[in-house]
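The lines below spell out each chain.
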Amino acid sequence: MNNADINDFAFNVISFLVKYVNALQGGIFISEEQDGQKYLSLKAAYAFDRKKQLENRVEFGESLVGRCAIEGKYIFLTDVPDGYLYITSGLGENKPKCILLVPLKFEDEVHGVIEIASLHTIEEYQITFFNNVAERIASSISNIKKNINTAQLLEKFRTQSDELAFREQEISKSMKAIENSKRNIDKQNYENGIVLDLLSKSCIIAQYDVLGVVL
């Protein structure tokens, strides 16, 4: 699987998991950071073979998703709170029978949360499966983040190198202009020296008194 894009990776993961456990709806939240503040961003949601483009941000500790992330433990609910989540189908909207939230934890760091909603009970062995596979998914997300950061650093370095090369070219042009100006000044001084030398050899210096008499 090509894991260069974290959004595609997230959708591939959640769509596979929803089908694999025969659930109906799922979402995958990835941890991000802005101004030193961590939060969870919904990168992909899957329901009935349709890819949903949803914008959603959850703070750590906020709602069930944020609570799952901050505690670092899975949450399994069979008594879903009213209004928390509905599954839409051809038969209308239905309240899920159960919800499973699993933290994506790798090397003591939570990289995201998977949320699965189902109209039938999720079995214990399926929960075990989610807990086992979560670390591998988290490891992949960690690697993708590192690759993205490396690519951004390389791009920044390339941009800086281009800017440095441009500045060096400008400095080189300025130095050449200064050298040309210096050569022109030296040439002008040389020519002025010749003129002054010729004048000193071809002119008589005379001194007069106040009456105009040559002294």
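Given the structure is predicted, the values throughout are model-derived calculations rather than measurements.

Scoring rules and cut-offs
Residues numbered from 1 in each chain as written. Predicted model: local features only at pLDDT ≥ 70, side-chain atom pairs only at ≥ 80, totals over all residues. Heavy atoms only, no water. Helix = DSSP H or I, 4+ residues; strand = E, 2+ residues; numbered from the N terminus. Buried < 20%, exposed > 50% of the residue type's maximum accessible area, 1.4 Å probe, protein only. Contact = heavy atoms within 4.5 Å. Core = buried A, V, L, I, M, F, W, Y, C linked by side-chain atoms within 4.5 Å. Expected span 1.5 Å × (residues − 1). Bend = angle between axes of the 7 residues up to and from the residue. Phe/Tyr/Trp six-rings, centres within 6.5 Å; stacked < 30°, edge-to-face > 60°. Lys NZ or Arg CZ within 6 Å of the ring centre and 35° of its normal.

Trainee: In this structure, what is going on with the overall build of the protein chain? I would like to understand it.
Mentor: When helices and strands are tallied, the protein chain shows three helices and nine strands. Of the regular secondary structure in the protein chain, the N- to C-terminal order runs α-β-β-β-β-α-β-β-β-β-β-α. Each of the 215 residues in the protein chain was classed as buried or not, and the buried ones make up 31%. Once local pairs closer than 6 in sequence are excluded, the contacts in the protein chain between residues at least 24 apart make up 52%.

Trainee: What's the story with the nonpolar core in this structure? I'm lost.
Mentor: Burial of nonpolar side chains together is a common tendency in soluble globular proteins. Core analysis: the biggest nonpolar cluster contains 29 residues, and Ile14, Ile28, Leu104, Ile114, Ile116, Phe130 and Ile137 have the highest contact counts within it. Looking at this core, the elements that each hand over two or more residues are α1 (6-20), β1 (25-34), β2 (37-47), β8 (98-106), β9 (109-118) and α3 (124-202). Per-element accounting of this core gives the leading share, eight residues, to α1. Those residues in contact with Ile116, other than ones at most four positions away along the chain, are Ile14, Val18, Ala23, Gln25, Gly26, Cys98, Ile99, Leu100, Ile122 and Phe130. Within the second largest apolar cluster, 15 residues are counted, among which are Leu42, Val65, Cys68 and Ile75.

Trainee: It is not clear to me how α3 should be interpreted in this structure. Could you clarify?
Mentor: In an α-helix, one turn spans 3.6 residues; hence positions three or four apart end up facing the same way. The end-to-end C-alpha distance of α3, which contains 79 residues, comes to 116 Å, matching closely the 117 Å that a straight helix rising 1.5 Å per residue would cover. Residue Val133 marks the point of greatest curvature in α3, where the axis turns by about 30°. For α3, the complete set of buried residues consists of Gln126, Ile127, Phe130, Ala134, Ile137, Ala138, Ser139, Ile141, Ser142 and Ile144. Looking at the buried positions of α3, the neighbouring elements they touch are α1, β1, β5 (75-77), β8 and β9.

Trainee: Any chance you could explain the packing of aromatic side chains here in plain terms?
Mentor: Within a pair of aromatic rings, the relevant descriptors are the distance that separates the centres and the angle that separates the planes. What the rule picks out here adds up to four aromatic pairs. Aromatic side chains Phe16 and Tyr20 sit 5.3 Å apart centroid to centroid with 20° between the ring planes, which places their arrangement in the stacked category. In this pair, Phe16 and Tyr20 both sit in helix α1, four residues apart, roughly one turn of the helix. Consider the rings of Phe129 and Phe130, whose centres lie 5.8 Å apart with planes at 70°: the pair is edge-to-face. The partly exposed category is assigned to Phe129, whose relative accessible area is 24%. One aromatic cluster in this structure is built from Phe16, Tyr20, Phe129 and Phe130. Positioned above the aromatic ring of Tyr39 is the side chain of Arg57, whose terminal nitrogen or guanidinium carbon lies 3.7 Å from the ring centre.

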